[in-house]
Amino acid sequence: MQTVTVDASKKYDVIIGKDILSSLGDRLVDKFEGCKITVVTDSRVDSLYSETVLDSLSEAGFQTEKFVFPEGEQSKNKDILFELLEYLAEKRMTRNDLLLALGGGVVGDLTGFAASCYLRGVRFIQVPTTLLACVDSSVGGKTGINLQAGKNLAGAFWQPEAVFCDLNTLDTLSDETFADGMAEVIKYGVIADKELFDTVKNGNIRNNAELLENTVARCVSIKRDIVNADERENGIRRVLNFGHTVGHAVEKCSDYSVSHGSAVAIGMVVASRASYKNGYSETDCTDEIISALKENSLPVSCDFSAEKLSAAALSDKKMSMGNVAFILPECIGKCKIKKIGSLELISFISDGLEK
């Protein structure tokens, strides 16, 4: 069991280990005794873990409610958000009560956004059940939903009260879903930690419990340090978007049939290759990144044109004053932020797509 403490606008612990869900009520009772807790989850996670969590909460004396929505990125929208808000009002949830996000990134983002705006802000807890959510989306306070124009265009910075990563939940992930999380792990290695990159580049962590726990803890620690320094993404926090500019465009162009992790993997390759071709990086990291992604069963290319990806990227929230922010690797373990003008964008992405 490991604990990483985030100290942003709110101080909270990220607990990483095994057998956490069955003891969740006992872990919460000292701080939240007397609260009503609404568990928010999706249809897949509900069938796997809701009973364990609700039993644990009930045994600790909590009154509980449960809101379930259909699994998948397509549910991260305004309709589901407002269904949840209406449900909370119907159940008379108060500012003293608590939301609990049980699931992957979609569940966490949606629940956190609902928590930020219901009654102008209520408390919530993240209980991630995917590798991607454990290492990335559950930590740092970014919440949101997708709009028709693009991904995560409505949202808020709203920090959780705590994050509980029960690594047992990763045992039920499909190979594809586990690989999605590895895209974010590889991202952390490229932007901040060559040793981490070298540790995971051969795709060997899933069946090594100690290595898996250490990897999750290391990724969370990197994100903690960045969030502590720049909670609202005015500067250094932007480096966490490595691969995401084109990645979000791939997701949108595919109507979200390409998963987030796979899209980010493609985006990392495009950014790295284009950076070297345009002289923004002295070292070409592309082959190393491609090898690591392939070893972790992730895609490294897509069939969308530079024109189509560019049009989608221009709707991304990283667009500002006619420029799109790209995170570019200088070498494995170090990156920089580079603004690419909208008129250069098609050419830049095209360079990244062409081998």
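What counts and what doesn't
- Residues numbered from 1 in each chain as written.
- Predicted model: local features only at pLDDT ≥ 70, side-chain atom pairs only at ≥ 80, totals over all residues.
- Heavy atoms only, no water.
- Core = buried A, V, L, I, M, F, W, Y, C linked by side-chain atoms within 4.5 Å.
- Buried < 20%, exposed > 50% of the residue type's maximum accessible area, 1.4 Å probe, protein only.
- Contact = heavy atoms within 4.5 Å.
- Helix = DSSP H or I, 4+ residues; strand = E, 2+ residues; numbered from the N terminus.
- Phe/Tyr/Trp six-rings, centres within 6.5 Å; stacked < 30°, edge-to-face > 60°.
- Arc of directions from axis to C-beta.
- Polar contact = N/O pair within 3.5 Å; in protein donor to acceptor, adjacent residues only side chain to side chain.
- Salt bridge = Lys/Arg side-chain N within 4 Å of Asp/Glu carboxyl O.
- Lys, Arg positive; Asp, Glu negative; His and termini not counted.
- Pairing = 2+ DSSP bridges.

## Focus: the nonpolar core
Nonpolar side chains in soluble globular proteins generally cluster together in the buried interior. Judged by nonpolar contacts, the single largest core of 75 residues is most densely connected at Val14 and Phe326. In this structure, Phe326 is in contact with Thr245, Val246, Ala271, Lys336, Ile337, Lys338, Ile340, Leu345, Phe348 and Ile349, ignoring residues within four places of it in sequence.

## Thoughts on the side chain of Asp136
Looking at the element boundaries, Asp136 is found in helix α5 (residues 131-137). Leave out the neighbours within four places in its chain, and Asp136 touches Glu184, Lys187, Tyr188 and Lys223.

## What to know about the packing of aromatic side chains
By the definition in use, this model includes three aromatic pairs. The interplanar angle of 65 degrees and the centroid separation of 4.9 Å between the aromatic rings of Phe326 and Phe348 together place this pair among those described as edge-to-face. Placement of Phe326 in strand β11 (residues 323-331) and of Phe348 in helix α13 (residues 345-353) is noted, with a sequence separation of 22 residues between them. The burial state of Phe326 is the same as that of Phe348; both residues are buried.

## Side note on unusual backbone geometry
Its identity as a non-glycine residue notwithstanding, Arg92 has a phi of 55 degrees, on the positive side. Mapping Arg92 onto the fold places it in the loop between α3 (78-90) and β5 (98-103). The exposed category is assigned to Arg92, whose relative accessible area is 67%. Within the chain, Leu119 stands out as a residue other than glycine whose phi angle is a positive 55 degrees.

## Thoughts on helix α11 (residues 286-295)
Of the residues making up α11, those classed as buried are Thr286, Ile289, Ile290, Ala292 and Leu293. Taken around the axis of α11, the buried residues stretch over an arc of 165 degrees, which confines them to a single face. Facing away from the buried side of α11 by over 90 degrees, the exposed positions are Asp287 and Lys294. Of the surrounding secondary structure, the elements contacted by the buried residues of α11 are α6 (175-192), α7 (194-200), α10 (260-277) and β11. Positive backbone phi, approximately 60 degrees, marks Ser297, located one or two places after α11.

## A few points about the environment of Ser9
You can see Ser9 is positioned in the loop between β1 (2-7) and β2 (11-17). In contact with Ser9, not counting residues within four places along its chain, are Gln159 and Glu231. Within the local environment of Ser9, its side chain forms a polar contact with the side chain of Glu231, the two groups lying 2.6 Å apart.

## Observations regarding the pattern of salt bridges
Under the defined criterion, the tally for this structure stands at 17 salt bridges. Note that Asp109 is salt-bridged to Lys76, the shortest N-O span being 2.7 Å. Note that Asp109 is positioned in helix α4 (residues 105-117) and Lys76 in the loop between β4 (63-69) and α3, a separation of 33 residues in sequence. Like Lys76, Asp109 is buried.

## Let's talk about the side chain of Asp166
With respect to the helices and strands, the residue Asp166 is situated in strand β9 (residues 163-166). No salt bridge is formed by the buried Asp166; the nearest opposite charge belongs to Lys18, separated by 6.4 Å. Of note is the side chain of Asp166, whose polar atom sits 2.8 Å from the backbone nitrogen of Ile20. Apart from residues no more than four positions distant in its own chain, Asp166 is found in contact with Gly17, Lys18, Asp19, Ile20, Leu21 and Pro128.

## Remarks on the pairing of strand β7 (residues 142-147)
In this sheet, strand β8 (residues 150-157) lies alongside β7 in antiparallel orientation, the contact comprising five bridges. Residue pairing across strands places Lys142 opposite Phe157, the latter belonging to β8.

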